[in-house]
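Inside the fold
Now for the letters of each chain:
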Amino acid sequence: MPLRPSKTYARFNVGSYVKEIKQQRDCLATTNQSIENKKRRKLPTSIQIPARTKKRRVQETFQAALEINGGTKENPDPALVGMIEMLRSKCSRDAVVSAVCDKEVLAIISPQHSMAEVVQSMKQWKKTTQIKVGNCSVPALVPYYKPAKFLEEINIGTLHSVEDLCENSDDKINGFYRNLQEYLPRLAEFYLKVYKEDDFDWFGSPFTFKVAIGGDGAPFGKNDQSCAWLVSFLNIGKRFLSSEDNFLIFGANCSENCTAVEKDVSNILSDISYLEKNIFSINGKNVKFEFSELPNDMKMLCFLAGELSNSAKYFSTFAKVSYDDTSKIDFTFGHSEDDKWRPWAYEEWLSVAKQVENLERKLVKSKLVKNTKRNKVTNIE
């Protein structure tokens, strides 16, 4: 019998059924995830969580980073870059440092431990696997404040203020200097601990330190002038004048011929005399000091010798050489009468110094300009 047109039959709606099932499944997944999150919040990730849980969470985090950043098992670099970028942009520096400080290998670095323990712990830290980004190793994060506390407790000796050298002067100089009598034995003790005994037998002179000391000035700092004096050992360490083995004994914002430097040089001369005359017992060894070189430029040598500046007509500290004949290639240096350039005779040196003093007294009363006075002094015959 045919159906009447007005009769309506209800058909099964497959689309609505699938949609309802999906909604229920998503709701169930959300509920399960919420339950899982509540469980994890009770045991958040930290150093103290069980190893099995930690391993699973690390794997989940890494897998999520791979999917988010487009990495694969064969090419995990995008995931690593993404995690590092996340640390840089989303985490504060204090939080990162705090997390890194929980590492057992870093916890040992503290002022209560000896140098050997600190060095050993740093070696262990270096052996740990470092992250690589684009075939470039990312330096391991080491908190600065813990090694800094240890370094602050190292005894570096006594530093004296340069202002103490200017008690009777109007100069206001910022800087510090060391007492050479105290500092050189301390420096020798350091080298005796670092190097073997065979390294201290220098041409049949065991435990004799060959010292080089010198200073110079430069346009630098607040007052556009500064001065520094350095000391080093020629026969220990690099065995030559190296920047790695130069140690600062004077540093200030002053000219190289100011009152403070004059007094410090006077103290250095006294210290040199004392150090060369005595034998010091350091770490059970009889140590001697010999001052072998004064690596200074000509201007500083003139200042140390109490002479005119090297801008004078006779500029050399060692020989009677003037600007008039300095370009003569046929002149020779020596003691004979045939030598045009001969060493200065000390008596002649004193005579010239006396003439300069007398001339300077006369020029003080004259009305000549400063440059003219200077030319008359530097061009004295």
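Here, the structure is the one placed above.
This write-up is about the structure you can find in this document. (Residues numbered from 1 in each chain as written. Predicted model: local features only at pLDDT ≥ 70, side-chain atom pairs only at ≥ 80, totals over all residues. Heavy atoms only, no water.)

Okay, the sheet that holds strand β4 (residues 175-177) next. Sheet strands pair by backbone hydrogen bonding; their relative direction is either parallel or antiparallel. Across the sheet, which stays open at both edges, the seven strands sit in the order β3-β4-β9-β8-β7-β11-β10 with mixed pairing between neighbours. Two strands lie at the open edges of the sheet, namely β3 (160-161) and β10 (280-282), each paired on one side alone. With two bridges joining them, β3 and β4 adopt antiparallel strand pairing. Across the sheet, S161 pairs through a bridge with F176, a residue of β4. Where helix α9 (residues 259-277) meets the sheet, its contacts fall on β4, β7 (208-218), β8 (226-233), β9 (247-252), β10 and β11 (285-293), and the angle it forms with β11 comes to roughly 135°. (Pairing = 2+ DSSP bridges. Helix = DSSP H or I, 4+ residues; strand = E, 2+ residues; numbered from the N terminus. Contact = heavy atoms within 4.5 Å. Axes fitted to C-alpha atoms, helices over the stretch in contact; angles between N-to-C directions.)

Note: α-helices contain 3.6 residues per turn, so residues at a spacing of three or four share the same orientation. Helix length check: helix α8 (residues 180-194) (15 residues) gives 21 Å between terminal C-alpha atoms against 21 Å at 1.5 Å per residue, within 8%. Within α8 the residues assigned to the buried category are L180, Y183, L184, P185, L187, A188, Y191 and L192. Elements in contact with the buried residues of α8: β7, β8, β9, α9, β10 and β11. (Expected span 1.5 Å × (residues − 1). Buried < 20%, exposed > 50% of the residue type's maximum accessible area, 1.4 Å probe, protein only.)

In this section: a nonpolar patch on the surface. On the surface, L151, I154, I156, L159 and F176 cluster together to form a nonpolar patch covering roughly 470 Å² of accessible area. With respect to the helices and strands, the residue F176 is situated in strand β4. (Patch = residues over 30% accessible without salt bridge, like charges linked within 9 Å, V, L, I, M, F, W, Y side chains within 5 Å. Areas by Shrake-Rupley, 256 points an atom, 1.4 Å probe, with all protein chains shown as cover. Salt bridge = Lys/Arg side-chain N within 4 Å of Asp/Glu carboxyl O.)

Applying the stated criterion across every chain, the model contains twelve aromatic pairs. Between Y191 and F247 the ring centres are 6.4 Å apart and the planes differ by 85°, which places this aromatic pair in the edge-to-face class. Note that Y191 is positioned in helix α8 and F247 in strand β9, a separation of 56 residues in sequence. Both residues of the pair, Y191 and F247, count as buried. Both rings, one in Y274 and one in F280, keep their centres 6.1 Å apart while their planes meet at 70°; by these two values the pair is edge-to-face. Overall, the relative accessible area of 37% leaves Y274 in the partly exposed class. Its relative accessible area of 13% is what places F280 among the buried residues. (Phe/Tyr/Trp six-rings, centres within 6.5 Å; stacked < 30°, edge-to-face > 60°.)

Membership of the largest hydrophobic core comes to 40 residues, with the highest contact counts inside it found for L180, L184, F209, W229, F233, F250 and F289. For this core, the secondary-structure elements that each account for two or more residues are α8, β7, β8, β9, α9, β10 and β11. Here this core takes seven residues from α8, the largest share from any one element. Excluding its chain neighbours within four sequence positions, the residues that come into contact with L184 are V211, V231, F233, L275, F289 and F291. (Core = buried A, V, L, I, M, F, W, Y, C linked by side-chain atoms within 4.5 Å.)

Positive phi outside glycine occurs at F207, with the angle close to 55°. By secondary structure assignment, the location of F207 is in the loop between β6 (205-206) and β7. Even without being a glycine, N283 presents a positive backbone phi close to 55°.

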